[in-house]
Amino acid sequence: MAAPFTLRKIGVPPNSANLTEARRRVFDFFRAACRSIPTIMDIYNLQDVVAPSQLRFAISAQIRNNAHITDPKVIDLLLFKGMEELTDIVDHAKQRHHIIGQYVVGEGLVQNTGNKDQGRTDFLKNFYTSNYF
């Protein structure tokens, strides 16, 4: 009796042997993320908010933030977290405002329209400048 579907083994890929292999995996992840941008734009209806090139820039900025890391195990961990994030986004595990807040507004792609009111009283001004805010 044959199974109606083939189970896919889900597991963590083996660690990169060296920095060159980890670097190759980063480029592969970037390509996969860029190829999924049109799908993400359609799923979350982002055409009116951001262009695909701006999302590509946000992905590359996330990768460049960790460019100083040279340990292949740490790079593999970050790639695993990135693939998990990409899978969650493509599988629609996040809502539209999560994507906009994290990758559009959070990356500075949308300009801030003004400063928040820092308070009218001295008490509020001191509160806003304290460590508790």
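Calculation notes
Residues numbered from 1 in each chain as written. Predicted model: local features only at pLDDT ≥ 70, side-chain atom pairs only at ≥ 80, totals over all residues. Heavy atoms only, no water. Helix = DSSP H or I, 4+ residues; strand = E, 2+ residues; numbered from the N terminus. Buried < 20%, exposed > 50% of the residue type's maximum accessible area, 1.4 Å probe, protein only. Contact = heavy atoms within 4.5 Å. Areas by Shrake-Rupley, 256 points an atom, 1.4 Å probe, with all protein chains shown as cover. Salt bridge = Lys/Arg side-chain N within 4 Å of Asp/Glu carboxyl O.

A. Focus on the overall build of the chain. Looking only at helices and strands, the chain features six helices and zero strands. For the chain, the α and β elements follow one another from N to C terminus as α-α-α-α-α-α. Among the 133 residues that make up the chain, the fraction classed as buried is 26%. Long-range contacts, defined as pairs at least 24 residues apart, comprise 63% of the intrachain contacts of the chain with a sequence gap of at least 6. Surface exposure of the chain reaches about 10300 Å², of which carbon and sulfur atoms provide 56%.

B. Expanded view of the pattern of salt bridges. In this structure the tally under the stated criterion is six salt bridges. With its nearest N and O atoms 3.8 Å apart, the salt bridge here joins Asp76 to Arg25. Here the residue Asp76 occupies a position in helix H4 (residues 72-90), and Arg25 occupies one in helix H1 (residues 19-35), the gap between them amounting to 51 residues. Like Arg25, Asp76 is buried. One salt bridge in this structure joins Lys94 and Glu85, with 2.5 Å as the shortest N-O distance. The buried category is assigned to Lys94, whose relative accessible area is 16%. The structure contains a network of salt bridges with shared partners spanning Glu21, Arg25 and Asp76.

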